[in-house]
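Take a look at the letters that make up each chain.
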Amino acid sequence: MAEENSNIEGMLEEDEDDSSDEPNIQLELTAFRAQWMSELKPSSGASDRLARAKGVRRTQEIAREEKATELFLRAVQEEQNGAVYEAIKFYRLAMQLVPDIEFKINYSRPADTDRGGGNFSEDSYADCEIEDLLAYFEQQIALESAFPKICTPELEMTQMHISALPREILMYIFRWVVSSDLDMRTLEQLSLVCRGFYICARDPEIWRSACLRVWGRNCTKLVPFKSWREMFLLRPRVRFDGIYISKTSYIRQGEESLDGFYRAWHHVAYFRYLRFFPDGHVLMLTTPEDPLSVVPRLRTRNPRMDSVLFGHYRLLQETDNQTKVFAVCKKKEEKAAEIPRNRFYRRSPAPEAEHSFHVGLRLSSRGQQSFSKLVWIHHSCHITYKLTGETVITTFDLDKMYSPFFFARVKSYTAFSEQPL
């Protein structure tokens, strides 16, 4: 009997435990159903979670930038106080948090620095930002070692690396990159390799030589530009890494057919080409041939084409702040063909005359391309008779047949370097 009573009591206790667990299970099932229903509605729950995730991520980015800014300014302060090694440590910590922190903060440069004072900000002028970046790269290279190099190899090398060359040799190589054709575009691409190449590509002497090649005596003063590079990029000039093309087309009425039922109409199209060189030479050509066949043949100064006109040009800036291009072109002098002289020859030779074409153009920009459009302002033909020295001038009317020139860049014109800058 005692055993039966104990079994009954145990069963009662288990029933009580089961009854107490039922509310907990019901709560869990209710919570599970609510969570399941919320997941089935992505419009509200998913958008809220995405917004919260973006907010958390943005908060973390702001906190990381604030910490990196604090470390970077601390490094600047340590460097000003002469603690170079401490400054390097804080610079590294700041860049580990935000690699481009130097572009995202505002800091004041000391007034006694070589490059002058001023506040740096993202909204400042682009060239000022480049100058600060140049000073920063020079500073970083100087702080890395006691014997700074232009660049360091990323991997171990068994052969000689370019960083072992003296800076004078590197600058001579850079002048070959620019070449006599003033390929400044390739120089800018070369500056993207590393910090040292960026510094070499911003060398003022290279840009000064380029300005002298373009404007000659008219660029002795740097004012109003801040640097020679800024003068080359902003001052109006013709471009040398391509060709200026003008297309003219019109409809011409043909002869009437023999039976008189129809009259033909012809669509006439021809092109004018202008190719400028930094040394003042220019090539001018008028032909119906397509640019695909003509442009490669105008790469050199002496193309093998009979119809090409050779000449010189000059830039002139008027008082109305417009830059104009004036060119004088004529055919290349050739030896006169020997006329057979015999008793049957009675025709008198035509008087020898020299034809030269005078062209005036106004330089302007087209969209985002600088100095890419030339508009006609003058065109005339000068015929000079060698026997009498008399000159006859014929001025052409500038009508719709004189469409403007538009610039087209040609990669093959700067693919080879004939001589350094």
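Our structure is the block above this text.
Fair warning: this is a prediction, and the values are worked out from it, not measured in the lab. (Residues numbered from 1 in each chain as written. Predicted model: local features only at pLDDT ≥ 70, side-chain atom pairs only at ≥ 80, totals over all residues. Heavy atoms only, no water.)

Engineer: Any chance you could explain the pairing of strand 4 (residues 263-276) here in plain terms?
Structural biologist: Residues in a regular strand point their side chains to alternate faces of the sheet. Relative to strand 4, strand 3 (residues 242-256) runs antiparallel, the two sharing 11 bridges. Counterpart to Tyr-250 in the pairing with strand 4 is Val-268. Inspection of the sheet shows strand 4 paired to strand 5 (residues 281-287) by 6 bridges, in the antiparallel sense. Paired with Arg-275 across the strands is Leu-283, a residue of strand 5. Hairpin connection of strand 4 to strand 5: 4 residues between the antiparallel strands, including Gly-280 at a positive phi of 100 degrees. (Pairing = 2+ DSSP bridges. Helix = DSSP H or I, 4+ residues; strand = E, 2+ residues; numbered from the N terminus.)

Engineer: Which parts of the structure should I look at to understand the packing of helix 5 (residues 167-178) against helix 8 (residues 204-215)?
Structural biologist: For the pair helix 5 and helix 8, interaxial distance at closest approach is 11 Å and the crossing angle is 35 degrees. The way helix 5 lies across helix 8 gives a crossing that is right-handed. Of the residues in helix 8, those in contact with Met-171, Phe-174, Arg-175 and Val-178 of helix 5 are Glu-205, Ile-206 and Ser-209. (Axes fitted to C-alpha atoms, helices over the stretch in contact; angles between N-to-C directions. Left-handed = near helix turned anticlockwise from the far one by under 90°. Contact = heavy atoms within 4.5 Å.)

Engineer: Sorry, what's going on with the state of the cysteines here?
Structural biologist: Counted by the stated rule, this structure contains 0 disulfides. In this structure Cys-200 is a free cysteine whose sulfur lies 8.0 Å from that of Cys-194, the closest cysteine sulfur available. Since its relative accessible area comes to 0%, Cys-200 is described here as buried. (Disulfide = S-S within 2.5 Å. Buried < 20%, exposed > 50% of the residue type's maximum accessible area, 1.4 Å probe, protein only.)

Engineer: How do you make sense of the packing of aromatic side chains when you look at a structure like this?
Structural biologist: By convention here, two paired aromatic rings are described through the distance between centres and the angle between planes. Tallied over the entire structure, the rule returns 10 aromatic pairs. Considering the side-chain rings of Tyr-244 and Phe-276, the 5.6 Å spacing of their centres and the 85 degrees angle between planes classify their relative orientation as edge-to-face. Here Tyr-244, found in strand 3, pairs with Phe-276, found in strand 4; they are 32 residues apart in sequence, far enough to count as distant. Residue classification places Phe-276 among the buried residues on the basis of a relative accessible area of 1%. Stacked on the ring of Tyr-402, the Lys or Arg Arg-272 has its end atom at 4.7 Å from the ring centre. (Phe/Tyr/Trp six-rings, centres within 6.5 Å; stacked < 30°, edge-to-face > 60°. Lys NZ or Arg CZ within 6 Å of the ring centre and 35° of its normal.)

Engineer: Explain the side chain of Thr-323 here, please?
Structural biologist: Structurally, Thr-323 can be placed in strand 7 (residues 323-331). Ignoring any residue separated from it by four or fewer positions in sequence, one finds Thr-323 in contact with Pro-236, Leu-316, Gln-317, Leu-361, Arg-362 and Leu-363.

Engineer: Explanation requested: the nonpolar core in the structure shown.
Structural biologist: Within soluble globular proteins, side chains that are nonpolar tend to cluster in buried spots. In terms of nonpolar packing, the biggest core is built from 46 residues, with Phe-232, Tyr-244, Leu-274, Phe-276 and Leu-374 touching the most fellow members. Among the elements that line this core, the one with the most residues is helix 8, at 6 residues. Core analysis: the second largest hydrophobic core is formed by 18 residues, Leu-71, Tyr-91, Ile-105 and Ile-199 among them. (Core = buried A, V, L, I, M, F, W, Y, C linked by side-chain atoms within 4.5 Å.)

Engineer: Could you clarify how one ought to interpret the pattern of salt bridges in this entry?
Structural biologist: Under the defined criterion, the tally for this structure stands at 10 salt bridges. Here Glu-188 ties to Arg-202 by a salt bridge, and the two come within 3.4 Å at their closest N and O atoms. In this pair, Glu-188 sits in helix 6 (residues 184-190) while Arg-202 sits in the loop between helix 7 (195-201) and helix 8, placing the two residues 14 residues apart along the sequence. Close ionic contact of Glu-354 with Lys-330 constitutes a salt bridge, the shortest N to O distance being 3.4 Å. Of this pair, Glu-354 sits in strand 8 (residues 353-366) while Lys-330 sits in strand 7, placing them 24 residues apart in sequence. For Glu-354, a relative accessible area of 27% translates into the label partly exposed. By relative accessible area, which is 32% here, Lys-330 ends up partly exposed. The network of salt bridges with shared partners includes Glu-188, Arg-202 and Arg-229. (Salt bridge = Lys/Arg side-chain N within 4 Å of Asp/Glu carboxyl O.)

These results come straight from atomic positions and should not be treated as a statement about function.
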